[in-house]
Amino acid sequence: MPGRHINDHQMRLYMKSRLTESMPASAAQASMSLATAYRIESDPRLPTQKALPRGRRRPDPLVDIFDPEVVPMLLAAPGLRPIAIFEEMQRRHPTLPDCVRRTLERRIRHWRALNGQDQEVIFRQVQEPGRMGISDFTEMGELAVRVSGVDLDHRLYHFRLACSGFEHVHVILGGESYVALAEGLQNALWALGGAPREHRSDSLSAAFRNLDPQAREDLTRRYDALCTHYGMEPTRNNRGVAHENGAIESPHGHLKLAIRDALLMRGSVDFEDLGAYRSFLDEIIGRKNARNLKRIDAERLLLQALPDTRTSDYEEELVYVTTSGGFVLRKVFYTVPSRLIRHRPRARLYDDRVELFVGGTRVLCLVRGRPGRDGKHGHVVDYRHVIHALRRKPMALLNLVYRDQLWPREAYRHMFDYLCERLTARSACKLMVELLSLAHERACEAQLAGILSECLAARRLPDLKELRARFTPDLASLPEVCVELVPLNLYEALNDSYMGEAA
């Protein structure tokens, strides 16, 4: 057509048609003029073969520095970023303008394509149904989730089937450990209803970091026993090579984005308690699994059957309850009822709790604490365990080691500070202990905290006599329970009838 250049496709179409058709017919089929057809007959080269290579339109600004200066830097330090090289060139040559940066980056990219080092090659794998499940941990601090008004320092244990994409998460309050892995993995397998033939982890690098060789061997032995219990072959990727666990590393990012979006739509990152946050995560994971339900159901048929029971997902240690009314475990002091003083209960250490056993009887479940980041001991204190002793020694409250952890709510802490300002130390301690005792005996911890907050706002002291009267049970409202005793001869008649039927 007039005013338009022909392309290689038109010329090939013309030459093919020219084998059987006349020149005008072939030119018409290729959408070109007859004059162009005559030129093609005299010069059969394609248009791209006739085009002259485009030369530079301005001087090369890197001609004097690329080969003598940039190339030696690339050879000496192959990992250097182009921006670092550009900044160094500007330092050496102050007249080098900023607009040359993109030119330098393209030149470096081209040079590396021709002369650079070999790079890592990732081999995509065919995932066989029922074969591999992968576990890993991921940090969640960037989402700034809050539970009961306090920032939740946690991470997620993430399990995924490599083939169907089934996912399960478990909130981990401590670091990466065998206990966290065992609890999270077993929760995932029992939710799935089967076990894959192979389980892959990232070598628990964080759990191994601060362990001596004997502890590392014990951790490896327990992990192997866990996999054997479920009939799985334990495998590990090479340490520091994250892409070998690509089937879980990439879903980490997608999961975090899904949680972030759900938090934004929820309008708040605050949760009443840990259970509410875990339910929130379960709902997100449930929606993700629902999208892959057909594939998950198909793979579930190829999984191994689960054993009859779970295996241990805790660590067990003997502890000694001292006369301080508690015991120390992993640099954390826990208070317990004073009746356990001088006993040696067994403590089962889970990721989020500590269970105490005397013989085969479970006597107590405590929230698991962790030492401070500065290495100081932590404290898990329940004022109900020591309030009876504090009533006999109220002045012990003044310089108590774990006083800051004793208060059940912030209102009690602020009230004690206010009492110390207004009263003598002895009177302040005695009144505060009586308030704690009232909260315990009358089961009015939350209601009393609200009244104390009102007293603080009004800058007045609480009236202990009035509070006791307010929280005293109303005897008139208590139900009367009448127990009618059954005559003993009815038991004898029942026993005789049973023996007769047995005969």
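Our subject is the structure listed above.
Just so you know, the residues in each chain are numbered from 1, in the order the chain's sequence is written. Selection of residues for local features in this predicted model requires a pLDDT of at least 70, selection of side-chain atom pairs for listing and counting requires 80 or more, and totals for whole chains, interfaces and linings are taken over all residues. Hydrogens and waters are ignored; side-chain quantities use all the structure's heavy atoms.

### Some points on the pairing of strand 6 (residues 198-201)
- Exposure classes here rest on a 1.4 Å probe applied to the protein chains alone. A residue is buried below 20% of its type maximum, exposed above 50%, and partly exposed in between. Here a helix means four or more residues in a row that DSSP labels H or I, a strand means two or more in a row labelled E, and each is numbered from the N terminus. In strand 6, alternate side chains face the same way, and those of Glu198 and Arg200 on one face and His199 and Ser201 on the other are all buried.
- The pairing criterion is simple: DSSP has to find at least two bridges between the two strands. Pairing between strand 1 (residues 132-139) and strand 6: three bridges, direction parallel. Looking across to strand 6, one finds that Gly133 is bridged to His199.
- Of the pairings in the sheet, the one linking strand 6 to strand 7 (residues 233-236) comprises four bridges and is parallel in character. Across the sheet, the residue bridging to Glu198 is Glu233, located in strand 7.

### Remarks on the nonpolar core
- Only buried residues count toward a nonpolar core, which is a set of Ala, Val, Leu, Ile, Met, Phe, Trp, Tyr and Cys residues joined through side-chain atoms within 4.5 Å. Formed by 35 residues in total, the largest nonpolar core has its most connected members in Leu397, Leu406, Tyr412, Met415, Met432, Leu435 and Leu448.
- Listing elements by their share of this core, those giving two or more residues are helix 14 (383-392), helix 16 (410-422), helix 17 (425-441), helix 18 (445-458) and helix 19 (464-470).
- With nine residues, the top contributor of residues to this core is helix 17.
- Those residues in contact with Tyr412 that sit more than four places away from it in its chain are Trp407, Met432, Leu436, Ala439, Cys444, Glu445, Leu448, Ala449 and Leu452.
- Ranked by size, the runner-up nonpolar core spans 24 residues in total, among them Leu192, Leu226, Cys227 and Tyr230. Throughout, a residue-residue contact means that at least one pair of heavy atoms, one from each residue, lies within 4.5 Å.

### Description of the pattern of salt bridges
- By salt bridge we mean one thing: a side-chain nitrogen of Lys or Arg within 4 Å of a carboxyl oxygen of Asp or Glu. Applying the stated criterion across every chain yields a total of 40 salt bridges.
- For the salt bridge of Arg391 with Glu441, the shortest nitrogen-to-oxygen distance reads 2.9 Å. Taken together, the residues span a long stretch of sequence, with Arg391 in helix 14 and Glu441 in helix 17 at a distance of 50 residues.
- We note a salt bridge from Arg468 to Glu434, for which the minimum N-O separation is 2.6 Å.

### Quick look at the packing of helix 16 against helix 17
- Between helix 16 and helix 17, the least distance of the axes is 9 Å, while the angle of their chain directions is 155°. Relative to helix 17, the element helix 16 lies roughly antiparallel. Between helix 16 and helix 17 lies a crossing of right-handed hand. The segment helix 16 lies against helix 17, with Tyr412, Met415, Phe416, Leu419 and Cys420 engaging Ala428, Cys429, Leu431, Met432, Leu435, Leu436 and Ala439.
- Three classes are used, and their members are as follows: Ala, Val, Leu, Ile, Met, Phe, Trp, Tyr, Cys and Pro are nonpolar, Asp, Glu, Lys and Arg are charged, and the others, Gly among them, are polar. A per-class count over the contact of helix 16 with helix 17 returns twelve nonpolar, no polar and no charged. Axis lines are fitted to C-alpha atoms, over the contacting stretch for helices. Their N-to-C directions set the angle, which ranges from 0 to 180 degrees. Here roughly perpendicular refers to angles of 65 to 115 degrees, roughly parallel to angles under 35, roughly antiparallel to angles over 145, and oblique to all remaining angles. By definition, any crossing whose near helix is turned counterclockwise from its far helix by less than a right angle is left-handed, and any crossing with a clockwise turn is right-handed.

### A look at the packing of helix 5 (residues 66-76) against helix 6 (residues 82-92)
- The interhelical angle for the contact between helix 5 and helix 6, taken along N-to-C directions, is 140°, at an axis separation of 11 Å. The orientation of helix 5 with respect to helix 6, classified from their angle, is oblique. In terms of crossing hand, the pair formed by helix 5 and helix 6 is right-handed. On helix 6, the residues that touch Glu69, Val70, Met73 and Leu74 of helix 5 are Ile85, Glu88, Met89 and Arg92.
- Residues that form the contact of helix 5 with helix 6 fall into these classes: five nonpolar, no polar and three charged.

### A short note on a positive patch on the surface
- To count toward a patch, a residue needs a relative accessible area over 30% and no salt bridge; like charges are then connected within 9 Å, while nonpolar side chains (Val, Leu, Ile, Met, Phe, Trp, Tyr) are connected within 5 Å. Each accessible area is a Shrake-Rupley result for a 1.4 Å probe, and residues are judged covered by the shown protein chains and nothing else. Neither His nor the chain termini are counted; the positive set is Lys and Arg, and the negative set is Asp and Glu. Charge positions are represented by NZ for Lys, CZ for Arg, CG for Asp and CD for Glu. Residues Arg54, Arg56, Arg57, Arg58 and Arg106 make up a contiguous surface patch of positive charge.
- Here Arg58 is to be found in the loop between helix 4 (47-50) and helix 5.

### Here's the deal with the sheet that holds strand 12 (residues 346-349)
- With antiparallel pairing, the four strands of this open sheet are ordered in space as 9-12-13-14. With one partner strand each, in any of the chains shown, strand 9 (315-318) and strand 14 (361-367) form the two edges of the open sheet. With strand direction ignored, the average angle separating the axes of adjacent strands in the sheet is 25°.
- Here four bridges tie strand 12 to strand 13 (residues 353-358), and the two strands are oriented antiparallel to one another. Each residue of the ladder has a partner; that of Leu349, found in strand 13, is Val354.

### A short note on the side chain of Glu445
- Among the secondary structure elements, Glu445 is positioned in helix 18.
- Polar contacts, as used here, are pairs of N or O atoms within 3.5 Å; protein pairs need one atom able to donate a hydrogen and one able to accept it. Residues neighboring in sequence count only if both atoms are side-chain atoms. A polar contact is formed between the side chain of Glu445 and the side chain of Tyr383, at a distance of 3.0 Å.
- At 3.2 Å, the side chain of Glu445 forms a polar contact with the side chain of Arg409.
- Those residues in contact with Glu445, other than ones at most four positions away along the chain, are Tyr383, Arg384, Pro408, Arg409, Tyr412 and Ala439.

### With respect to the sheet that holds strand 6
- Across the sheet, which stays open at both edges, the five strands sit in the order 5-4-1-6-7 with mixed pairing between neighbours. In this open sheet, the two strands that pair with only one neighbour each are strand 5 (167-172) and strand 7. Averaged over neighbouring strand pairs, the angle between their axes works out to 20° when direction is ignored.
- As judged from the six bridges shared by strand 4 (residues 155-161) and strand 5, these two strands associate in the antiparallel manner. If you follow Arg160 over to strand 5, its bridge partner there is Glu167.
- Along the sheet, helix 12 (residues 274-291) makes contact with strand 4 and strand 5, crossing strand 5 at roughly 165°.

### Focus: the packing of aromatic side chains
- Pairing of aromatic side chains here covers Phe, Tyr and the six-membered ring of Trp, requires ring centres within 6.5 Å, and sorts the geometry by plane angle: under 30 degrees stacked, over 60 edge-to-face, intermediate tilted. Per the counting criterion, the structure on display carries seven aromatic pairs.
- Aromatic side chains Phe271 and Tyr277 sit 5.1 Å apart centroid to centroid with 55° between the ring planes, which places their arrangement in the tilted category.
- Residue classification places Phe271 among the buried residues on the basis of a relative accessible area of 6%.
- A relative accessible area of 0% places Tyr277 in the buried class.
- We call a charge positioned above a ring when the Lys NZ or Arg CZ atom is no farther than 6 Å from the ring centre and deviates by at most 35 degrees from the ring normal. Residue placement shows Arg348 over the ring face of Phe357; its charged tip is 4.4 Å from the ring centre.
- A cation over an aromatic ring shows up here: Arg353 above the ring of Tyr350, its NZ or CZ 3.8 Å from the ring centre.

### Comments concerning unusual backbone geometry
- The backbone of Ser148 sits at a positive phi, close to 55°, despite the residue not being glycine.
- Along the polypeptide, Ser148 turns up in the loop between strand 2 (146-147) and strand 3 (150-151).
- Judged by relative accessible area, which is 55%, Ser148 ranks as exposed.
- A positive phi angle, near 65°, is found at Lys331, a position not held by glycine.
- With respect to the helices and strands, Lys331 occurs in the loop between strand 10 (326-329) and strand 11 (332-335).
- A relative accessible area of 39% places Lys331 in the partly exposed class.

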